[in-house]
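# A look at the structure
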Amino acid sequence: DAKTTQPNSMESNEEEPVHLPCNHSTISGTDYIHWYRQLPSQGPEYVIHGLTSNVNNRMASLAIAEDRKSSTLILHRATLRDAAVYYCILSQGGNQFYFGTGTSLTVIP
Amino acid sequence: DTGVSQNPRHKITKRGQNVTFRCDPISEHNRLYWYRQTLGQGPEFLTYFQNEAQLEKSRLLSDRFSAERPKGSFSTLEIQRTEQGDSAMYLCASSSRLVTGELFFGEGSRLTVL
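A brief look at the structure comes next. The structure presented is a predicted model; accordingly, all values stated were derived computationally and were not measured.

## Here we look at the nonpolar core
- Leu20(A), Ile33(A), Trp35(A), Leu73(A), Leu75(A), Tyr86(A) and Leu105(A) are the most contacted members of the largest nonpolar core, which totals 20 residues.
- Per element, the largest residue contribution to this core is 4 residues, and it comes from strand β8 (residues 84-92) of chain A.
- Sequence-distant contacts of Leu105(A), that is, excluding residues within four places in its chain, are made with Met10(A), Glu11(A), Ser12(A), Val18(A), Leu20(A), Leu75(A), Asp82(A), Ala83(A), Ala84(A) and Tyr86(A).
- Core analysis: the next-biggest nonpolar cluster, separate from the first, contains 19 residues, Phe21(B), Trp34(B), Phe49(B) and Leu77(B) among them.

In structure tokens form, the structure reads like this:
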């Protein structure tokens, strides 16, 4: 399985930016980096993905290191609704997605 | 609603009984995935289909687990002779993009084995 390493938990104050790190030192050249999040009692939800270049969408930004061995999910202004478990995943050829234990984000009002 | 639909949402069964879960993916999504999730853990990949072909099933947890997608539309996951350790949330996801793979998950089917 493609391996990623994330901190178990992080905290952020509401309306402040959050940087969620992910290490994936064994990434291969064709692996995409995906981020999903899971709110309590719901299925995971797609957040963003990228290959080499930084990516932005309405939910977040993804910063990918030049050597691709790490990435950072950036939530620009955390809200209480962003409290969730965030998963960093490498897709093997876009076929299979293996989730780790993720980072549990707590947003403090 | 055009999202991924899973039924039943909750199932309580006695040990030794068979259970079947159904997943209706988003229309025209050709890929369908099954995951299992236990408390405090991330989703665990079980199997996936491209159209009706099951392309990976080595991750199914034992020979008591089987999945089908007979016409490339809905899929079923069956667990035979359930055990208490099978208690978990079973998640289904579908996707239409081969490489970038944005998965759309259903809300899951929660199994409790007594």
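Next comes the rest of the description.
## Describing the sheet that holds strand β5 (residues 55-56) of chain A
All names here are of chain A.
- If you walk across this open sheet you meet the 4 strands as β2-β7-β6-β5, and the pairing is antiparallel. Both edges of this open sheet fall to β2 (18-23) and β5, since each of them pairs with a single strand only.
- Inspection of the sheet shows strand β6 (residues 61-64) paired to strand β7 (residues 70-75) by 4 bridges, in the antiparallel sense. Across the sheet, the residue bridging to Ala63 is Thr72, located in β7.

## A closer look at the sheet that holds strand β1 (residues 5-7) of chain B
All names here are of chain B.
- Spatially, β1-β3-β8-β7 is the arrangement adopted by the 4 strands of the open sheet, whose pairing is antiparallel. Here the strands that pair on one side only, and so sit at the sheet edges, are β1 and β7 (65-68). This sheet shows a mean twist of 15° between the axes of neighbouring strands, independent of strand direction.

## A word on the state of the cysteines
- In total, this model carries 2 disulfides over all chains according to the counting rule given.
- At a sulfur-sulfur separation of 2.1 Å, the disulfide partner of Cys22(A) is Cys88(A). Around the S-S axis, the bridge from Cys22(A) to Cys88(A) shows a dihedral of about -80° and counts as left-handed. With Cys22(A) in strand β2 and Cys88(A) in strand β8, the pair connects residues that are 66 residues apart, well separated along the chain. Judged on exposure class, the residue Cys22(A) and its partner Cys88(A) are both buried.
- Covalent S-S linkage joins Cys23(B) and Cys92(B), the inter-sulfur distance amounting to 1.8 Å. The S-S bond linking Cys23(B) to Cys92(B) shows a torsion near -70°; that makes this disulfide left-handed. Linking Cys23(B) in strand β3 (residues 19-24) with Cys92(B) in strand β9 (residues 88-95), this pair joins segments that are 69 residues apart in sequence. Comparing Cys23(B) with Cys92(B) shows no difference in burial state: the two are buried.

## Let's talk about the interface of chain A and chain B
- Each partner contributes residues to the interface: chain A has 20 residues there, and chain B has 21 residues.
- Summed over both sides, the interface between chain A and chain B buries roughly 1,700 Å², with carbon and sulfur atoms accounting for 51% of that surface.
- Together, Asn95(A), Phe97(A) and Phe99(A) form the three largest contributors to the area buried by chain A at its contact with chain B, with a combined 25%.
- Our count for the chain A to chain B interface comes out at 0 salt bridges.
- At the surface where chain A touches chain B, the tally comes to 4 residue pairs in polar contact (both at pLDDT 80 or more).
- Residue contributions to the side of chain A that touches chain B peak at 4 residues, all from strand β3 (residues 32-38) of chain A.
- Of the residues contributing to the side of chain A that touches chain B, the split by class is 8 nonpolar, 11 polar and 1 charged.

## Overview of the environment of Trp35(A)
- Residue placement: Trp35(A) occurs in strand β3.
- It is 15 Å that separates the C-alpha atoms of Trp35(A) and Asn95(A), two residues lying 60 residues apart in sequence.

## Things to note about the pattern of salt bridges
- Under the criterion given, the structure shown has 8 salt bridges over all chains.
- The salt bridge involving Arg77(A) is made with Glu15(A); its shortest N-O contact spans 3.5 Å. Placement of the pair is Arg77(A) in the loop between β7 and β8 and Glu15(A) in the loop between β1 (9-13) and β2, with a sequence separation of 62 residues. Glu15(A) carries the same exposure label as Arg77(A), and that label is exposed.
- A salt bridge links Arg36(B) to Glu44(B); the nearest nitrogen and oxygen atoms lie 3.4 Å apart.
- On the accessibility criterion, Glu44(B) (33% relative accessible area) is partly exposed.
- Within this structure, Arg37(A), Glu45(A) and Asp82(A) form a network of salt bridges that share partners.

Reading the values: the criteria
- Residues numbered from 1 in each chain as written.
- Chains lettered and ligands numbered in written order.
- Predicted model: local features only at pLDDT ≥ 70, side-chain atom pairs only at ≥ 80, totals over all residues.
- Heavy atoms only, no water.
- Core = buried A, V, L, I, M, F, W, Y, C linked by side-chain atoms within 4.5 Å.
- Buried < 20%, exposed > 50% of the residue type's maximum accessible area, 1.4 Å probe, protein only.
- Helix = DSSP H or I, 4+ residues; strand = E, 2+ residues; numbered from the N terminus.
- Contact = heavy atoms within 4.5 Å.
- Pairing = 2+ DSSP bridges.
- Axes fitted to C-alpha atoms, helices over the stretch in contact; angles between N-to-C directions.
- Disulfide = S-S within 2.5 Å.
- Buried area = accessible area lost by both parts, 1.4 Å probe.
- Salt bridge = Lys/Arg side-chain N within 4 Å of Asp/Glu carboxyl O.
- Polar contact = N/O pair within 3.5 Å; in protein donor to acceptor, adjacent residues only side chain to side chain.
- Nonpolar A, V, L, I, M, F, W, Y, C, P; charged D, E, K, R; others polar.

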